Number of protein chains: 2
Amino acid sequence: MKIGEMASATATNIETVRHYEKIGLLPLPARDAANYRSYGQEHLARLSFIRRARDLGFTLDQVRELLGLADHRDQSCAAVDAIATVHLTEIDRKIADLQSLRGELSRFLGDCRRGTVADCLIIETLAPAGLPR
Amino acid sequence: MKIGEMASATATNIETVRHYEKIGLLPLPARDAANYRSYGQEHLARLSFIRRARDLGFTLDQVRELLGLADHRDQSCAAVDAIATVHLTEIDRKIADLQSLRGELSRFLGDCRRGTVADCLIIETLAPAGLPR
DNA sequence: TATGCACCCTGTAACAACTACAGGGTCAAG
DNA sequence: CTTGACCCTGTAGTTGTTACAGGGTGCATA
């Protein structure tokens, strides 16, 4: 299959596929007579893996680690566990941050709707603590 | 105060402070005899505002808008409202995404702890649907 | 007095993870 | 036989920083 087909099969930008190749995440594919990239099922599988892992928020370096582990399936699962655990901790932190941010913003909005910017607490609330209001 | 003091007072990298100056988010400070940047309280307040807004997930362009509004306090609050409302919607989406991701990941982890990579469901689960397992 | 050392300066290049050209080649259909 | 959709390489842009390289300044200490 050509690059466009594989890209659309995985909801990936064509340029992104070439980018993954350039940074060594995707192996160099065969070329046809017109020098077009010619992909097989193994490329599709690998690209699908990369995209799903990216969707789940893994960085490309983490994806690289996971792919490395997939190539050594007889080893312990602990490394995969470690990567995912770190990731889970990060996610929990981000959720907490966003929730407190959400609280602040919705309070800001409630105040803000009362009047003009002169009374608007969005600006004031973001001013550093301890400065004159 | 010099740049290092202001940077550490706002938990900001010195290079980042200079960067904000370069892109016009922070006004040019006075210089002392040694050509060192010399900041006052107004710079500190503005930098604190920028950092807190960034922490809250505003882009630098949105920060620029908010700072613009702060400089014209007699205007309507509607613009601030609009920016914050868009942002609040984004935050809700991000929280939802992260929560579903969290569920998936923690399920993966539970499965993963059972054995070796050969049995590890993280890799399998991320493989494309429809491929041989 | 010299000599560290921490701090400051400018300017440029790197980072992630793409995305967007510019400027060209290939190929099937009308 | 040309229009359009697709493909190629290579370079440069994006956002928000961060990291040098290669210097200058200022204070304390041996």
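Just so we're clear, the structure is a prediction, and the values are computed from it rather than from any experiment.

Asker: For this particular structure, what's the right way to read the protein's contact with DNA strand C?
Answerer: Lining the immediate environment of DNA strand C, one finds 21 residues, of which Tyr36 and Arg54 of chain A together with Arg18, Arg31 and Arg37 of chain B sit closest. Backbone atoms, meaning sugar plus phosphate, form 76% of the atoms of DNA strand C positioned within 4 Å of the protein. Side-chain polar atom of Arg37 of chain B to a phosphate oxygen of DNA strand C: 2.6 Å apart, as the coordinates give it. Where the surface near DNA strand C is concerned, the elements lending two or more residues are α2 (14-22) and α3 (41-55) of chain A together with α1 (3-9) and α2 (14-22) of chain B. A total of four residues in the surface near DNA strand C trace back to one element, the largest contributor, which is α2 of chain A. For the surface near DNA strand C, the class distribution of residues is seven nonpolar, six polar and eight charged.

Asker: Any chance you could explain helix α3 (residues 41-55) of chain B here in plain terms?
Answerer: An α-helical turn contains 3.6 residues, so a residue and the one three or four places further along point in the same direction. Taking 1.5 Å per residue as the helical rise, α3 of chain B with its 15 residues ought to reach 21 Å, and the 21 Å between its terminal C-alpha atoms agrees with that figure. Listed as buried for α3 of chain B are His43, Leu44, Leu47, Ser48, Phe49, Ile50 and Ala53 of chain B.

Asker: Explanation requested: the protein's contact with DNA strand D in the structure shown.
Answerer: Near DNA strand D lie 21 residues; those nearest to it are Gly4, Arg18 and Arg37 of chain A together with His19 and Arg54 of chain B. In the model, a phosphate oxygen of DNA strand D is placed 2.8 Å from a nitrogen or oxygen of the Gly4 of chain A main chain. A distance of 3.2 Å is found between a base nitrogen of DNA strand D and a side-chain nitrogen or oxygen belonging to Glu15 of chain B. Elements that contribute at least two residues to the surface near DNA strand D include exactly α1 (3-9) and α2 of chain A together with α2 and α3 of chain B. In terms of residue count, α2 of chain B provides more of the surface near DNA strand D than any other element does, four residues in total. For the surface near DNA strand D, a count of residues per class yields seven nonpolar, six polar and eight charged.

Asker: Quick question: what am I supposed to make of the packing of α2 of chain A against α3 of chain A here?
Answerer: In helix packing, the relevant descriptors are the interaxial angle and the interaxial distance, both defined with respect to the helix axes. Residues and elements named next belong to chain A. Where α2 contacts α3, the two axes come as close as 12 Å, and the packing angle between them is 105°. When the interaxial angle is binned, α2 and α3 end up roughly perpendicular. Of the residues in α3, those in contact with Thr16, Val17 and Tyr20 of α2 are Leu47, Ile50, Arg51 and Arg54.

Asker: Would you take a moment to explain the confidence of the model for chain A for this structure?
Answerer: Chain-level statistics for chain A give a pLDDT mean of 79 and a share of 77% at 70 or above. The least confident element of chain A is helix α6 (residues 121-126) of chain A, whose mean pLDDT is 57; the most confident is strand β2 (residues 37-38) of chain A, at 97.

Asker: How should I be thinking about the environment of Ile91 of chain A in this particular structure?
Answerer: Structurally, Ile91 of chain A is set in helix α5 (residues 78-112). On the accessibility criterion, Ile91 of chain A (3% relative accessible area) is buried. Note: C-alpha distance between Ile91 of chain A and Gly57 of chain A (34 residues apart in sequence) is 9.0 Å. Those residues in contact with Ile91 of chain A that lie beyond four places of it in its chain are Leu98, Leu101, Arg102 and Leu105 of chain B.

Criteria and thresholds
Residues numbered from 1 in each chain as written. Chains lettered and ligands numbered in written order. Predicted model: local features only at pLDDT ≥ 70, side-chain atom pairs only at ≥ 80, totals over all residues. Heavy atoms only, no water. Near = heavy atom within 4 Å. Polar contact = N/O pair within 3.5 Å; in protein donor to acceptor, adjacent residues only side chain to side chain. Helix = DSSP H or I, 4+ residues; strand = E, 2+ residues; numbered from the N terminus. Nonpolar A, V, L, I, M, F, W, Y, C, P; charged D, E, K, R; others polar. Expected span 1.5 Å × (residues − 1). Buried < 20%, exposed > 50% of the residue type's maximum accessible area, 1.4 Å probe, protein only. Axes fitted to C-alpha atoms, helices over the stretch in contact; angles between N-to-C directions. Parallel < 35°, antiparallel > 145°, perpendicular 65-115°, else oblique. Contact = heavy atoms within 4.5 Å. pLDDT = per-residue confidence, 0-100.

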